[in-house]
Amino acid sequence: MRTWREMRGFPLAVRLLLVNQLGVNTGFYLLIPYLGTHLGENLGMSAAVVGIVLGVRNLSQQGLFIIGGSAADRLGARGVIIAGCALRTVGFALFALGDGLPVLFAASVLSGLAGALFNPAVRAYLAQEAGERKAEAFALFNVFATTGALVGPLLGSALLLVDFRTSALTAAGIFAVLTVAQALVLPARKVEPSGSGVLGDWREVLGNRAFLAFSLAMVGMFTLENQLYLLLPDGAREATGWDGAAGIVFLVGTVANLAFQLRITRSLKSFGDRPRWIAAGLAVMALAFLPPVLAPGAVPVLASALLLYLGIMIASPFVMELIPRFGRPELTGTYFGIFYVVSGIAAAVGNTVVGWAMDAGESAGRAWLPWVCCAVFGAASAGGVAWLRRRGALPAPAEPVREKADA
């Protein structure tokens, strides 16, 4: 009930974007986790081809975030959000309607490009519309995103009892509805010119050394968030011998998020000093990976998941609130786009290291190795943010910082 009351206090555009994120994650997660199985088992593709198709989708998204961010600044976030959702409608429909490799590649590129467009644009629009209540808006955004990430796989599992085509068409239908809703409800906002070309905008953002340092420091947050889909489900299955144990982890985390996200954000916001809470959240995320090291079993894995969700709830809204404050409001989308490119690449490297640690730990009989690896990533990120805070390199919540060349 608190979530709904808080939501009603925001403008209609913000409320739509929150529901939009619920739909986006529901549609995404009801299809993408099962795409590899469909390509390999239903279509008989080799593991190499499956990897290429999935890799093309991921590369199309991660590598083009900067394009989506710049487009949001120059064309207006509203139009970019609508275009992104429309493209994903087409991409997911192609997954349902085409079995040939060219069609599947086209579907992968379109669905990846769609995410590259609307992800930074949605965050830029939300930051602009929320005003000084950015932290609360992004806290709600986290609640709706987490809920969608739980509902999506459950709905996908049910739809797969029919067939993959039904699942893909349902996902496409969700994005089609979102596209229409955004076109009808989201108000257009005047686009303020940045005063330079696209390359000039990129140079300005990339020249902000404090911002780049902060983006790199976030490698721990993104790497550890991804363990909700890699290490933690694997640990839950190992501890219980039950494939459905991963679903319990997501369910408990989502309930905790619904119950505590807004309370945590409001309480910590009242004490100010957002960078301190970002560092604290990252430290909690690091500690989350120690229970399975100290004791085997299902309870330590569940404790790990709860601590990880807690750390994300502490840090994530303030991270999203902080990003637009590094530079001019006219470049909010570009800042979000480059943030996701930099941190996404760094997190991909981090996930590769965690995957190596999982394989090495299994072959050497050192099951603790990937958990310790994740704890080190989190501690390093917490230390990085704390160091930037001590240097005074991070913006204060009340006013934006242009650039700090000495950071």
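Residues numbered from 1 in each chain as written. Predicted model: local features only at pLDDT ≥ 70, side-chain atom pairs only at ≥ 80, totals over all residues. Heavy atoms only, no water.

A short note on the overall build of the protein chain
For step 1, the next point in the chain: Tallying secondary structure elements over the protein chain gives 19 helices and zero strands in all.
For step 2, the next point in the chain: Across the 407 residues in the protein chain, those meeting the buried criterion constitute 55%.
For step 3, the next point in the chain: Partitioning the intrachain contacts of the protein chain with sequence separation of at least 6 by distance along the chain shows that 82% fall at a separation of at least 24.
For step 4, the next point in the chain: Per element, the accessible surface of the protein chain, about 16500 Å² overall, is 67% carbon and sulfur.
For step 5, the next point in the chain: Charged side chains in the protein chain number 30 positive and 23 negative. The centres of these two groups are separated by 8 Å. (Helix = DSSP H or I, 4+ residues; strand = E, 2+ residues; numbered from the N terminus. Buried < 20%, exposed > 50% of the residue type's maximum accessible area, 1.4 Å probe, protein only. Contact = heavy atoms within 4.5 Å. Areas by Shrake-Rupley, 256 points an atom, 1.4 Å probe, with all protein chains shown as cover. Lys, Arg positive; Asp, Glu negative; His and termini not counted. Charge placed at Lys NZ, Arg CZ, Asp CG, Glu CD.)

Considering the packing of helix α2 (residues 12–29) against helix α7 (residues 101–130)
For step 1, the next point in the chain: At a minimum axis distance of 10 Å, the contact between α2 and α7 shows a crossing angle of 150°. Judged by the inter-axis angle, α2 sits roughly antiparallel to α7. For the element pair α2 and α7, the recorded crossing hand is left-handed. Contacts between α2 and α7 involve Ala13, Val14, Leu17, Asn20, Gln21 and Val24 from the first element and Phe118, Val122, Arg123, Tyr125, Leu126, Glu129 and Ala130 from the second.
For step 2, the next point in the chain: Looking at the contact of α2 with α7, its residues break down into nine nonpolar, two polar and two charged. (Axes fitted to C-alpha atoms, helices over the stretch in contact; angles between N-to-C directions. Parallel < 35°, antiparallel > 145°, perpendicular 65-115°, else oblique. Left-handed = near helix turned anticlockwise from the far one by under 90°. Nonpolar A, V, L, I, M, F, W, Y, C, P; charged D, E, K, R; others polar.)

Details of the nonpolar core
For step 1, the next point in the chain: If you look at the biggest cluster of nonpolar residues, it comprises 124 residues, and the most contacted ones within it are Phe214, Met218 and Phe339.
For step 2, the next point in the chain: The greatest single-element share of this core, amounting to 13 residues, is contributed by α7.
For step 3, the next point in the chain: Excluding its chain neighbours within four sequence positions, the residues that come into contact with methionine 218 are Ile278, Leu282, Val319, Phe339, Ser381 and Val385. (Core = buried A, V, L, I, M, F, W, Y, C linked by side-chain atoms within 4.5 Å.)

A short note on helix α9 (residues 164–185)
For step 1, the next point in the chain: The end-to-end C-alpha distance of α9 is 32 Å, a good match for the 32 Å that 22 residues give at a rise of 1.5 Å each.
For step 2, the next point in the chain: When α9 is considered as a whole, its buried residues turn out to be Phe164, Ser167, Ala168, Ala171, Ala172, Phe175, Leu178, Thr179 and Gln182. Angularly, the buried residues of α9 cover 130° about the axis, an arc narrow enough to put them on a single face. Residues of α9 that are exposed and point over 90 degrees away from its buried face: Val177 and Leu184.
For step 3, the next point in the chain: Elements in contact with the buried residues of α9: α2, α3 (32–42), α6 (77–97), α7 and α8 (134–160). (Expected span 1.5 Å × (residues − 1). Arc of directions from axis to C-beta.)

Considering the packing of aromatic side chains
For step 1, the next point in the chain: Summed over all chains, the structure comprises 16 aromatic pairs.
For step 2, the next point in the chain: A ring pair is formed by phenylalanine 214 and phenylalanine 326, whose centres lie 5.5 Å apart and whose planes are at 40°; its orientation type is tilted. Here phenylalanine 326 lies in the loop between α17 (298–322) and α18 (332–364) and phenylalanine 214 lies in helix α11 (residues 209–217), a separation of 112 residues in the sequence. In terms of burial, phenylalanine 214 and phenylalanine 326 fall into one category: buried.
For step 3, the next point in the chain: Ring centres of phenylalanine 214 and phenylalanine 339 lie 6.3 Å apart, and the angle between their planes is 25°; on these two criteria the pair is classed as stacked. Taken as a pair, phenylalanine 214 in helix α11 and phenylalanine 339 in helix α18 lie far apart in primary sequence, 125 residues in all.
For step 4, the next point in the chain: What makes phenylalanine 214 buried here is its relative accessible area of 0%. (Phe/Tyr/Trp six-rings, centres within 6.5 Å; stacked < 30°, edge-to-face > 60°.)

Points about the pattern of salt bridges
For step 1, the next point in the chain: Tallied over the entire structure, the rule returns 10 salt bridges.
For step 2, the next point in the chain: The partner of arginine 74 in a salt bridge is aspartate 201, and the shortest N-O contact between them spans 3.0 Å. On the criterion of sequence distance, the pair formed by arginine 74 in helix α5 (residues 65–75) and aspartate 201 in helix α10 (residues 198–206) is long-range, its members being 127 residues apart.
For step 3, the next point in the chain: Taking the relative accessible area as the measure of exposure, arginine 74 reaches 35% and is therefore partly exposed.
For step 4, the next point in the chain: The partner of lysine 269 in a salt bridge is glutamate 136, and the shortest N-O contact between them spans 2.8 Å. A residue pair is termed long-range when its members are at least 10 positions apart, and lysine 269 in helix α14 (residues 245–269) and glutamate 136 in helix α8 qualify at 133 residues. (Salt bridge = Lys/Arg side-chain N within 4 Å of Asp/Glu carboxyl O.)

A look at the confidence of the model for the protein chain
For step 1, the next point in the chain: Put simply, the protein chain has an average pLDDT of 89, and 97% of its residues get 70 or more.
For step 2, the next point in the chain: Confidence drops under pLDDT 50 across residues 399–407; counting only partners more than four residues distant or on other chains, this segment forms 29 contacts. (pLDDT = per-residue confidence, 0-100.)

Digging into the side chain of arginine 88
For step 1, the next point in the chain: Structurally, the position occupied by arginine 88 is in helix α6.
For step 2, the next point in the chain: No salt bridge is formed by the buried arginine 88; its nearest oppositely charged neighbour, glutamate 225, is found at 15 Å.
For step 3, the next point in the chain: Apart from residues lying up to four places away in sequence, arginine 88 is in contact with Phe28, Arg57, Gln61, Ser111, Ala114, Gly115, Phe118 and Phe175.

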